[in-house]
Amino acid sequence: MGPLRDASDAALAVAIGRWREDALAEAFRRHAGSVYALAQRVLRDRAGAEEIVQEVFLRLWHAPDRFDAERGTMRAYLLAQAHGRSVDRLRADASRRRREERDAARTVSASSDVEVEVMDLTVAGQLKEAVSALPVEERRAIELAYFGGHTYREVAVLLAAPEGTVKSRIRSGLKRLRAGLTDAGLEMVGGSDS
Amino acid sequence: MSEIDSHEELQELLGAYALDAVDADERGRVEDHLRGCARCRAEVEQHREVAAQLAYTGADAPDGLWRRIAAQLDAAPADVIATPGLLSLGDLMELPVVGHAGQRDPPHEPVTHPRLRDLDRTDPSAIFGEIRRGDILVHLPYHSFDTSILRFLQSAAADPAVLAIKLTIYRTGRRSPIIQALKEAARRGKQVAVLVEITARFDEAPNISWGKELEKAGAHVAYGVERVKTHVKLALVVRQEPDGIRRYVHVGTGNYHEGTARLYEDLGLLSADPELAAHAAAVFNELTAGIPAPTPGKLLVAPHDLASGSPH
């Protein structure tokens, strides 16, 4: 057994590919908290979030090659997995509820949702700065999409803005955040800038 | 959604896509595009890295969660058998290489065939005009499949002047944009006839399932020809033009499969040669209706005339 505590995420993935349980345990130690927090945030359901964490790490165990260390970080990969699964679950639940209530015409109208999805600003200073430098409408759109699990069309309804505008705001907001984080000296990985 | 999705249009969706904020249909279209566009793939990765920064870092996973996961890892020590080497040649398909970035070739990005490079992306009739100017030979995987053969079929589905599309399919991708294009064409009232080979090893079940999907969309689907395995890769597009009906053909050595087209070396010919096209039409009649094609014709078709017609 090598010193896994010091191993890179890429090396962990290789070890996981060789069925080393201690490597998966180390990946869990590093990332499970964030994965759980994100799933919990989107689902607002502790039991559901725990299931997502299990799914994501079991997937890493069975298909570690789906994580490509040259394309991005393991954290981003695991969080994207968790987010996609949480959102799928949210939408499946929502459509089941809709069916049960036979209320197809009901739209996302709860304006209180808008208030709930606020980015956690208890994070590192650099991120806080980058987030607070965002135009508020871009920030809102990203919050509702990422933490609220809404599609950009639903976000458009919630914010009473045109769909195309919301779509653009999400993209430009993410780009602005990336630039802000890079300026703040955070090394951003993932794809070369084009 | 019926038009060929433009790079610019899909680019606008990438932020929402990276945050899972698109609906299922858009997700499929973005993923189709990502397969052929390294620049957009890189952008999605970047957005995901930014999103990962937004997620809270300080949290701990609930107690006991790891134990529950560990209990599900079904590889007990006794299950793990170390082998001294590779298990089979299949293992060479993918060698895990970590690090040594400087010693790796950059991933190969297929280029668009020069004759197809400057076509108007929004005009589905453009590719047919170019084929009329002369045959186009596509060399996969060096030439892009997406901007040649896939574009030929997607254009045929979108172009109002196209009356009919006929195609043989031996193997195709799981979320195949070709199937999407054919469904779209059938929905738009074009005649779509597809010959599906069901004895394609590993792909029997999927072939039947998307064959049914095509039928539902209104396409005519024939499932193979008895006693022979239809391995031909042939597509025929019939177009109403000012001077009459004109047929366009694609005949190739590679499957209509956007995944393997990035991997295997194959040739594909796009042509409006009337003699070739007429014979291709006759071959389709033979495949779907059992009406024998004239032999020998411009195409040499096994099992009748391939051996006798080949140069010795």
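Everything that follows concerns the structure shown earlier in this document.
Residues numbered from 1 in each chain as written. Chains lettered and ligands numbered in written order. Predicted model: local features only at pLDDT ≥ 70, side-chain atom pairs only at ≥ 80, totals over all residues.

A. Structural context of the interface of chain B and chain A. Between chain B and chain A, the residue contacts involve 41 residues of the former and 56 residues of the latter. Element by element, the count of residues in the side of chain B that touches chain A is highest for helix H4 (residues 38–54) of chain B, at 13 residues. Class assignment of the residues belonging to the side of chain B that touches chain A gives a composition of 25 nonpolar, six polar and ten charged. (Contact = placed C-beta atoms within 7 Å. Helix = DSSP H or I, 4+ residues; strand = E, 2+ residues; numbered from the N terminus. Nonpolar A, V, L, I, M, F, W, Y, C, P; charged D, E, K, R; others polar.)

B. Structural view of the sheet that holds strand E1 (residues 136–140) of chain B. All names here are of chain B. In space, the seven strands of this open sheet follow the order E1-E7-E6-E5-E2-E3-E4, with mixed pairing throughout. At either margin of the open sheet sits one strand with a lone partner, and together these are E1 and strand E4 (220–223). Sheet twist, expressed as the mean angle between neighbouring strand axes with direction ignored, is 10 degrees. Bridge count for strand E2 (residues 162–169) against strand E5 (residues 233–241) is five bridges, and the pairing is antiparallel. (Pairing = 2+ DSSP bridges. Axes fitted to C-alpha atoms, helices over the stretch in contact; angles between N-to-C directions.)

C. Representation of the pairing of E1(B). All names here are of chain B. Side chains of E1 alternate between two faces, with Ile-136, Val-138 and Leu-140 buried and Leu-137 and His-139 left unburied. For E1 and strand E7 (residues 266–271), the ladder comprises five bridges, and the chain directions are antiparallel. By the bridge assignment for E7, His-139 is matched with Leu-267. (Buried ≥ 20, exposed ≤ 12 C-beta atoms within 10 Å, placed from the backbone.)

D. Spotlight on the packing of helix H1 (residues 9–17) of chain A against helix H2 (residues 21–43) of chain A. All names here are of chain A. Viewed as axis vectors pointing N to C, H1 and H2 meet at an angle of 140 degrees, and their least axial separation amounts to 7 Å. With respect to H2, the element H1 is oriented oblique. For the pair H1 and H2, the sense of crossing is left-handed. Here H1 contributes Leu-12, Ala-15 and Ile-16 to the contact with H2, which in turn contributes Ala-23, Leu-24, Glu-26 and Ala-27. Along the lines of polarity and charge, the residues of the contact of H1 with H2 split into six nonpolar, no polar and one charged. (Parallel < 35°, antiparallel > 145°, perpendicular 65-115°, else oblique. Left-handed = near helix turned anticlockwise from the far one by under 90°.)

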